[in-house]
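Reading the structure
Listed below, chain by chain, are the residues.
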There are 2 protein chains.
Amino acid sequence: MNEQDLKPYVIGLDLGGTNSVFGIVDSRGDIKATTAIKTQAYDEVEDYVKASVDALSIIIDQVGGIEKIKGMGIGAPNGNFYSGTIEFAPNISWGHNGIVPLADMFSKALGIPVGLTNDANAAAIGEMTYGVARGMKNFIVITLGTGVGSGIVVDGKVVYGCDGFAGELGHVTMFRENGRSCGCGRFGCLEAYCSATGVARTARELLASSDEPSLLRELEPEKITSLEVSIAAGKGDALAKHIFDFTGELLGEACANFAAFSSPEAFIFFGGLTKAGNLIMDPIKAGYDKHVMQIFKGKAKFLVSGLDGSSAAVLGASAVGWDL
Amino acid sequence: MNEQDLKPYVIGLDLGGTNSVFGIVDSRGDIKATTAIKTQAYDEVEDYVKASVDALSIIIDQVGGIEKIKGMGIGAPNGNFYSGTIEFAPNISWGHNGIVPLADMFSKALGIPVGLTNDANAAAIGEMTYGVARGMKNFIVITLGTGVGSGIVVDGKVVYGCDGFAGELGHVTMFRENGRSCGCGRFGCLEAYCSATGVARTARELLASSDEPSLLRELEPEKITSLEVSIAAGKGDALAKHIFDFTGELLGEACANFAAFSSPEAFIFFGGLTKAGNLIMDPIKAGYDKHVMQIFKGKAKFLVSGLDGSSAAVLGASAVGWDL
């Protein structure tokens, strides 16, 4: 009987700005039980961990007790794999103001090993463990959500760099002049254009700068989201399609630069914007083909995440738990 | 007695477009003997390898025979570490037209293991083995010569990617619009601006577009090289200094993007342009500080290669021989 038979599960925690979602997952990526708490209902991290453990204890019992669980993985904003800490996470009430040793706290409370990394790295480990990157050694996951994140895998391992913060590909500069302001305080970053919020900004800019008819004109500009752009494009709206062409081509061009760095066998896209399907994936591929160096042409695959959408982040986080 | 005592040397081959320079090197990076042949004096690779082995046999005897030699490392343009081949190397008479299994050919001829990689990766391994990167696990070597090359080390290993061609950072796009043509067939690449030839191009452009007095005006524009720009800048020539400021700041800005990728603890510059010293290094650091993300600020060191200039490429190549 090997260890996986004795301890067949890991816990995954997708720690988001609103909800903290927990899942107990087996080695095939089947989620056996889930629970959740509100991330921001606590001012002190001690209270957050206590509430988490209370919620977890119920689903841990459901799968046969803590002795069935190999470890726990946490995917969190500003998560540092090396230290297991969350560092100055701007959107978390108990985490914005310092360095929180969250992995250590959960490990002491539960009595199991706990690993922590940022959301995008967790997604990359999830793709390797249960998703479309099984068997791949070199690939890049790009998360297209409120921001643009990335998890880079080289030679079968996530790239963490000297400080645990490598893989911030949402913040490579795409527009060196007159670039949009970015949440990071700089200008022209990929994220300012290719995140869900970036897509909505592009929509507002295009609507303001032309008279082109569009279904999007029926909406208040400030209320436009990437979902509405996607719906309009799906109905054949030319301006909405143009927004996705612009976004995808810029992503493809960025990927051409990333290829020069680590020559991955695949780029894997993850998160809300991927729901637009070929509306976004086709221009990504076209932008890449147009800009990539000759020696890399035709080598990389462009894939959409293989993790189940609603629980992808929990699966990604849980995957960190297998390697501890 | 360990293996290093029995086989205390490796052979390094710096395979350039003009000369092929061989060195026999000990584990401290001392070159015990050298020889060289003309790279392009042969139409067939078989003749090139035969001439190399003839030249090598003399210096191999000088150090006590082939049984003293652990292996051989080759640094070559378009070298592929995975396959030990040189692939479509445009500037080599016997190598421009296909895939040459050079490592294998040398291994058979000499009876020792032979590894091959491109020049910049060899430089990175050389810095780890004998140079300023000893003890570092995450760093990037940027070679500033006729072109701009790079060797990326993550977690103590060179990044080769899915095909052996990762680390082409000279060909990230810096100017997305109106970029200079690059030797790779694309436009706006870092190499088109920050190589020695790029510096000379910048000089010609600036001289043509202004009336600013400069020592460089005493030269025929087509004969200006980066060395002359360096000499003029050293004498306080404002236009020449401006050229280095532009070049360095662009390199620093590129490094800020590279930090977002792999968060290295150091950027190490290698090759002819580094002889300009602070004229190039100061604007590199300034450009980096200005553009890098807040979380990476102040973390990376900016270093000049620690390998002895005249034999740096041979040392780098030889270092590949230790790991076989």
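Each value, and the rule that gives it
- Residues numbered from 1 in each chain as written.
- Chains lettered and ligands numbered in written order.
- Predicted model: local features only at pLDDT ≥ 70, side-chain atom pairs only at ≥ 80, totals over all residues.
- Heavy atoms only, no water.
- Buried < 20%, exposed > 50% of the residue type's maximum accessible area, 1.4 Å probe, protein only.
- Helix = DSSP H or I, 4+ residues; strand = E, 2+ residues; numbered from the N terminus.
- Pairing = 2+ DSSP bridges.
- Axes fitted to C-alpha atoms, helices over the stretch in contact; angles between N-to-C directions.
- Contact = heavy atoms within 4.5 Å.
- Parallel < 35°, antiparallel > 145°, perpendicular 65-115°, else oblique.
- Left-handed = near helix turned anticlockwise from the far one by under 90°.
- Nonpolar A, V, L, I, M, F, W, Y, C, P; charged D, E, K, R; others polar.
- Buried area = accessible area lost by both parts, 1.4 Å probe.
- Salt bridge = Lys/Arg side-chain N within 4 Å of Asp/Glu carboxyl O.
- pLDDT = per-residue confidence, 0-100.
- Phe/Tyr/Trp six-rings, centres within 6.5 Å; stacked < 30°, edge-to-face > 60°.

**Concerning the pairing of strand 8 (residues 114-117) of chain A**
Residue and element names in this part refer to chain A. The two faces of strand 8 match: Val114 and Leu116 on one face and Gly115 and Thr117 on the other face are all buried. Where strand 4 (residues 69-75) meets strand 8, 4 bridges bridge the pair, whose relative direction is parallel. The residue of strand 8 that forms the bridge with Ile74 is Leu116.

**A look at the sheet that holds strand 2 (residues 19-26) of chain A**
All names here are of chain A. Read from one edge to the other, the open sheet built from 5 strands follows the order 3-2-1-4-8, with strand pairing classed as mixed. Of all the strands in the sheet, the pair left with one neighbour each is strand 3 (31-38) and strand 8. Between one strand and the next, the sheet's axes are offset by a mean angle of 15 degrees, whatever the strand orientation. As paired elements, strand 1 (residues 9-15) and strand 2 share 7 bridges and run antiparallel to each other. Across the sheet, residue Val10 finds its bridge partner in strand 2, namely Val25. Contacts from helix 3 (residues 102-110) reach strand 1, strand 2, strand 4 and strand 8 within the one sheet, and its direction differs from that of strand 8 by about 155 degrees.

**Some words on the sheet that holds strand 2 (residues 19-26) of chain B**
Strand pairing within a sheet occurs via backbone hydrogen bonds; the two strands may be parallel or antiparallel. All names here are of chain B. Spatially, 5 strands are ordered 3-2-1-4-8 in an open sheet, and the strand pairing comes out mixed. One side of each edge strand has no neighbouring strand; the edge strands of this open sheet are strand 3 (31-38) and strand 8 (114-117). Between one strand and the next, the sheet's axes are offset by a mean angle of 15 degrees, whatever the strand orientation. Where helix 2 (residues 45-62) meets the sheet, it contacts strand 1 (9-15), strand 2, strand 3 and strand 4 (69-75), and its direction lies at approximately 155 degrees from that of strand 3. In this fold helix 4 (residues 119-130) packs onto strand 1, strand 2, strand 4 and strand 8, with an angle of close to 115 degrees to the strand it touches most, strand 8.

**Brief notes about the packing of helix 2 (residues 45-62) of chain A against helix 3 of chain A**
Residues and elements named next belong to chain A. Two elements in contact, helix 2 and helix 3, have axes whose closest approach is 10 Å; the angle formed by their N-to-C orientations is 45 degrees. Taken together, the axis directions place helix 2 and helix 3 in an arrangement best described as oblique. In terms of crossing hand, the pair formed by helix 2 and helix 3 is right-handed. Contact residues: Val45, Glu46, Tyr48, Val49, Ser52, Val53, Leu56 and Ile60 in helix 2; Leu102, Met105, Phe106, Ala109 and Leu110 in helix 3. Across the contact of helix 2 with helix 3, the residue classes tally to 11 nonpolar, 1 polar and 1 charged.

**A look at the interface of chain A and chain B**
The partner chain B presents 39 residues to the 39 residues of chain A that form the contact. For the pair chain A and chain B, the two sides together bury roughly 3400 Å², of which 58% comes from carbon and sulfur. The largest share of the area that chain A buries against chain B comes from Arg176(A), Phe261(A) and Met293(A), three residues that together contribute 23% of it. On inspection of chain A and its partner chain B, the count reaches 6 salt bridges. Between Glu253(B) and Arg176(A) there is a salt bridge, and its shortest N-O distance comes to 2.8 Å.

**Comments concerning the confidence of the model for chain A**
In low-pLDDT regions, the fine details of the predicted coordinates are not to be read closely. Overall, the prediction assigns chain A a mean pLDDT of 94, with 99% of residues at 70 or greater. Scored by ipTM, the complex comes to 0.93, with pTM at 0.93.

**What about the packing of aromatic side chains?**
What the rule picks out here adds up to 25 aromatic pairs over all chains. Consider the rings of Tyr82(B) and Tyr160(B), whose centres lie 5.8 Å apart with planes at 55 degrees: the pair is tilted. Of this pair, Tyr82(B) sits in the loop between strand 5 (79-80) and strand 6 (85-87) while Tyr160(B) sits in the loop between strand 11 (157-158) and helix 5 (191-194), and the two are 78 residues apart along the sequence. Overall, the relative accessible area of 46% leaves Tyr82(B) in the partly exposed class. Geometrically, the ring pair formed by Tyr288(B) and Phe302(B) is edge-to-face, given 4.8 Å between the ring centres and 65 degrees between the ring planes. Residue Tyr288(B) is found in helix 9 (residues 278-291), and its partner Phe302(B) is found in strand 13 (residues 301-304); the two are separated by 14 residues along the sequence. In this structure Tyr288(B) comes out as buried when scored by relative accessible area, which is 2%. Each member of the aromatic cluster is reached from another via a ring pair, and the members are Tyr42(A), Tyr48(A), Trp94(A) and Phe106(A).

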